[in-house]
Amino acid sequence: MRRVLKLAMTLIAIAAINVTVLNAQTRNQVRKMEYNSSYNYEVATIAVGVDGTKLIEVWGYGKKAEDATRNAKMNAVACAIFKGFPAAGGGKAAKTPPICSNSNAADEHYDYFEKFFEPGGQYLLYVNMSSDVAPKRIKMDKHYKCGIAVSIAFDELRKELEKQGIARALDAGF
Amino acid sequence: MKKLILIVVAALFSIASYSQAKKPTIMVVPSDRMCISQGYSMKFDNQGSEVVLPDYKKAFQNDASLRLVITKMSGIMADRGFPLKDLEAEMKKMEQEAAEVSMMTSKMGSMIAESPIDALKRTAKADIIMELDYEVKQQGPKQYITFNLKGLDAYTSKVVASAAGTGAPSTAAPAELLLEEAVLSYMDEFNGRLMAHFEDMFANGREVRINVMVFDGWGSDLEAEYDFDGETDELNIFIEDWMAKNTVQGRFSLSDGTANMMRFEQVRTPLFYERNGSQRAMDTKKFVTDLKKFLSDEPFMIECKVYLKGLGEAWLIVGEK
């Protein structure tokens, strides 16, 4: 009887360890998926930008701080194109819809965006550093997380994508 | 053979790419509430009851901030390919036109023919009205703006786009700067919704209103029976059948109907039609003219008059021209 009980206890312990390991794997997978997700932008609107621009704070990740800053700039432009910016609290700014209303634009124009977002690519034309918020740098386990304030030349970016036929112009078809 | 196919495909493509839908006109109009609360109003005695109406001319002549907001909005909309109709300029043009029509004569001394309806139609109008409402409010030493912008389809009376909110309070910034900030803040959201409206229009057709009425001298009504396509039914049923056949995905709703009138709402008309092998932009007048042609053919043989109310509304008056 004692042997049966011992065996049962061992089996329960093994099952518990398995569940914990599986959960940990799932957590890791989720973290990886979120890290690689093209929808995962950490962005906040700071205030209404001057004519045709958007003033935002955006976060990026990288092994070095410079990589994280570069990633943040890329995220800022990608967010303007695919996700839009949220409203700022306290009535400081209304939300901004994305330039591409078509949710499949990234896949449909894969080649264009690969070139657009390559290191030193055209996306940098539409990002200007702003001194409204001091840069933030957080050292994480094996990498850095950096937050910067940037001014996005939103109207110029929209016009470029409309010209390329990627974004639909308001007067298209009329 | 391959060449021939290529030519046909290229021709079809060029037709498709050059055909363009009728562009709606947009005009900014200050809301009744804003005009009346700021004293830009006119009072009328309408058979004993007092009617208060906004006085746009007075508002434009006295309110500098209104002009600033409209100019800012016009710039943004022109940049997006939609130059706005200016209400102030439109009103001046109407006044000038009315004066010219009343003065003009031919060498023989004839005046320009103008029915009371023609005179009534000579008003400033647009297909989409951007109804603007804002107020500068005070909170202790701070000022803030409440901003409300509605895009109204002039024919269906539906709100096709909107943006509203309250700005952040400020002690330092003047009201004009806060207003400018509000316009910059809300216009992208407004245009995003307007874009969604246009995308829906291109996918499901233009939403219009059509009224069918009867001239009292006709001597018949919409319940008169006819034999058509092997069926005997009332005229209003055949008109409904025509609507179902000619609207995009058969989408329309008959919101009201009697022996003397039918009111069709949410009628989705196609944006294009084919004529002489090429695609042309469809408007409500063309759509209703097709219905008129249907009724003038056998077995109905009814004379009708088409009365155009704008890009999105037309009336068909049955019985006479």
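What counts, and where the lines are drawn
- Residues numbered from 1 in each chain as written.
- Chains lettered and ligands numbered in written order.
- Predicted model: local features only at pLDDT ≥ 70, side-chain atom pairs only at ≥ 80, totals over all residues.
- Heavy atoms only, no water.
- Axes fitted to C-alpha atoms, helices over the stretch in contact; angles between N-to-C directions.
- Helix = DSSP H or I, 4+ residues; strand = E, 2+ residues; numbered from the N terminus.
- Left-handed = near helix turned anticlockwise from the far one by under 90°.
- Contact = heavy atoms within 4.5 Å.
- Nonpolar A, V, L, I, M, F, W, Y, C, P; charged D, E, K, R; others polar.
- Pairing = 2+ DSSP bridges.
- pLDDT = per-residue confidence, 0-100.
- Buried area = accessible area lost by both parts, 1.4 Å probe.
- Salt bridge = Lys/Arg side-chain N within 4 Å of Asp/Glu carboxyl O.
- Polar contact = N/O pair within 3.5 Å; in protein donor to acceptor, adjacent residues only side chain to side chain.
- Domains from an automatic or database assignment.
- Disulfide = S-S within 2.5 Å.
- Core = buried A, V, L, I, M, F, W, Y, C linked by side-chain atoms within 4.5 Å.
- Buried < 20%, exposed > 50% of the residue type's maximum accessible area, 1.4 Å probe, protein only.

A.B. asks: It is not clear to me how the packing of helix 4 (residues 64–79) of chain B against helix 7 (residues 175–204) of chain B should be interpreted in this structure. Could you clarify?
C.D. replies: Each packed pair of helices is defined by two parameters, the angle between the axes and the distance between the axes. Residues and elements named next belong to chain B. It is the contact of helix 4 with helix 7, at a shortest axis distance of 10 Å, that shows an interaxial angle of 40 degrees. Two packed elements cross with a definite hand, and for helix 4 against helix 7 that hand is right-handed. Of the residues in helix 7, those in contact with Ser65, Leu68, Val69, Lys72, Met73, Ile76 and Met77 of helix 4 are Glu176, Leu179, Glu180, Val183, Leu184, Met187, Asn191 and Leu194. The class makeup of the residues in the contact of helix 4 with helix 7 is 10 nonpolar, 2 polar and 3 charged.

A.B. asks: Sorry if this is basic, but what is going on with the sheet that holds strand 4 (residues 128–139) of chain B here?
C.D. replies: Across a sheet, strands are paired by hydrogen bonds formed along the backbone, either parallel or antiparallel in direction. Residue and element names in this part refer to chain B. In spatial order, the strands read 1-4-5-6; together these 4 strands make up an open sheet with mixed pairing. Two strands bound the open sheet, and with one partner strand each, they are strand 1 (26–30) and strand 6 (159–166). In this sheet, neighbouring strand axes are inclined to one another by 20 degrees on average, regardless of whether the strands run parallel or antiparallel. Strand direction decides the pairing type here: strand 5 (residues 142–153) and strand 6, joined by 7 bridges, are antiparallel.

A.B. asks: Help me understand the confidence of the model for chain A in this model?
C.D. replies: If pLDDT is low for a region, its predicted coordinates should not be looked at in detail. Averaged over every residue, the pLDDT of chain A is 85; residues scoring 70 or more account for 86%. When pLDDT is averaged over each helix and strand of chain A, the minimum, 65, is found for helix 1 (residues 2–36) of chain A and the maximum, 96, for helix 5 (residues 154–163) of chain A.

A.B. asks: Can you help me understand the interface of chain A and chain B in this one?
C.D. replies: By a widely used convention, the size of an interface equals the accessible area lost when the partners come together. Every contact between the two is made by 26 residues of chain A and, on the other side, 30 residues of chain B. Buried surface at the junction of chain A and chain B, summed over both partners, amounts to about 2200 Å²; 57% is from carbon and sulfur atoms. Contact with chain B buries area across many residues of chain A, yet Arg168, Leu170 and Phe174 of chain A alone supply 37% of it, more than any other trio. Seen at the junction of chain A and chain B, the total is 4 salt bridges. With its nearest N and O atoms 2.5 Å apart, the salt bridge here joins Asp188 of chain B to Lys54 of chain A. The interface formed by chain A and chain B holds 8 residue pairs in polar contact (both at pLDDT 80 or more) in total. For the side of chain A that touches chain B, the element with the highest residue contribution is helix 5 of chain A, accounting for 5 residues.

A.B. asks: How should the domain arrangement of chain B be read in this particular structure?
C.D. replies: Residue and element names in this part refer to chain B. Taken domain by domain, chain B consists of domain 1 (26–85 + 126–203) and domain 2 (205–318). Inter-centroid distance (C-alpha atoms) of domain 1 to domain 2 is 36 Å. Across the domain 1/domain 2 interface, buried area totals approximately 940 Å², and carbon plus sulfur atoms make up 50% of it. Of all residues in domain 1, the largest losses of buried area upon contact with domain 2 belong to Tyr155, Thr156 and Met201, amounting jointly to 58% of the total for that side. The salt bridge involving Glu207 is made with Lys158; its shortest N-O contact spans 2.7 Å. Counting every contact that joins domain 1 to domain 2 gives 3 residue pairs in polar contact (both at pLDDT 80 or more). Residues that form the side of domain 1 that touches domain 2 fall into these classes: 4 nonpolar, 2 polar and 3 charged.

A.B. asks: Just checking my understanding: could you explain the state of the cysteines for this structure?
C.D. replies: Covalent bonding between the sulfur atoms of two cysteines defines a disulfide. Applying the stated criterion across every chain, the model contains 0 disulfides over all chains. Residue Cys146 of chain A stays outside any disulfide, its sulfur separated by 18 Å from that of Cys79 of chain A, the closest cysteine.

A.B. asks: Please clarify how the environment of His109 of chain A should be interpreted in this entry.
C.D. replies: Checked against the element boundaries, His109 of chain A lands in the loop between helix 3 (105–108) and helix 4 (110–116). If we ignore the near neighbours within four places in the chain, the residues touching His109 of chain A are Gly165 and Ile166 of chain A.

A.B. asks: Please explain the nonpolar core as it appears in this structure.
C.D. replies: Generally speaking, soluble globular proteins have nonpolar side chains that are buried together. In this structure, Met73, Met77, Met130, Leu132, Phe147 and Leu194 of chain B are the most contacted members of the largest nonpolar core, which totals 50 residues. Broken down by secondary-structure element, the contributors of at least two residues to this core are strand 1, helix 2 (32–37), helix 3 (56–62), helix 4, strand 4, strand 5, strand 6 and helix 7 of chain B. Top element by residues in this core is helix 7 of chain B. It accounts for 12 residues. Ignoring sequence-local partners within four residues, the contact set of Leu132 of chain B consists of Val28, Val29, Pro30, Ser31, Met34, Leu66, Val69, Ile70, Met73, Phe147, Asn148 and Leu149 of chain B. Among the nonpolar cores identified, the runner-up in size contains 30 residues, and Phe116, Tyr126, Val150 and Ala167 of chain A belong to it.

A.B. asks: What exactly am I supposed to notice about the sheet that holds strand 11 (residues 261–269) of chain B here?
C.D. replies: Residue and element names in this part refer to chain B. Spatially, 10-11-7-15-14 is the arrangement adopted by the 5 strands of the open sheet, whose pairing is mixed. Two strands in the sheet have a free side with no partner beyond their single neighbour: strand 10 (253–257) and strand 14 (304–310). Strand-to-strand twist across the sheet, computed as the mean angle between neighbouring axes with direction ignored, equals 20 degrees. The pairing of strand 14 with strand 15 (residues 313–318) spans 6 bridges and is classified as antiparallel. Residue Val306 lies in a different strand from strand 15, and its bridge partner there is Leu316. Helix 9 (residues 284–296) contacts strand 7 (206–214), strand 11, strand 14 and strand 15 of the sheet and is inclined by roughly 20 degrees relative to strand 15.

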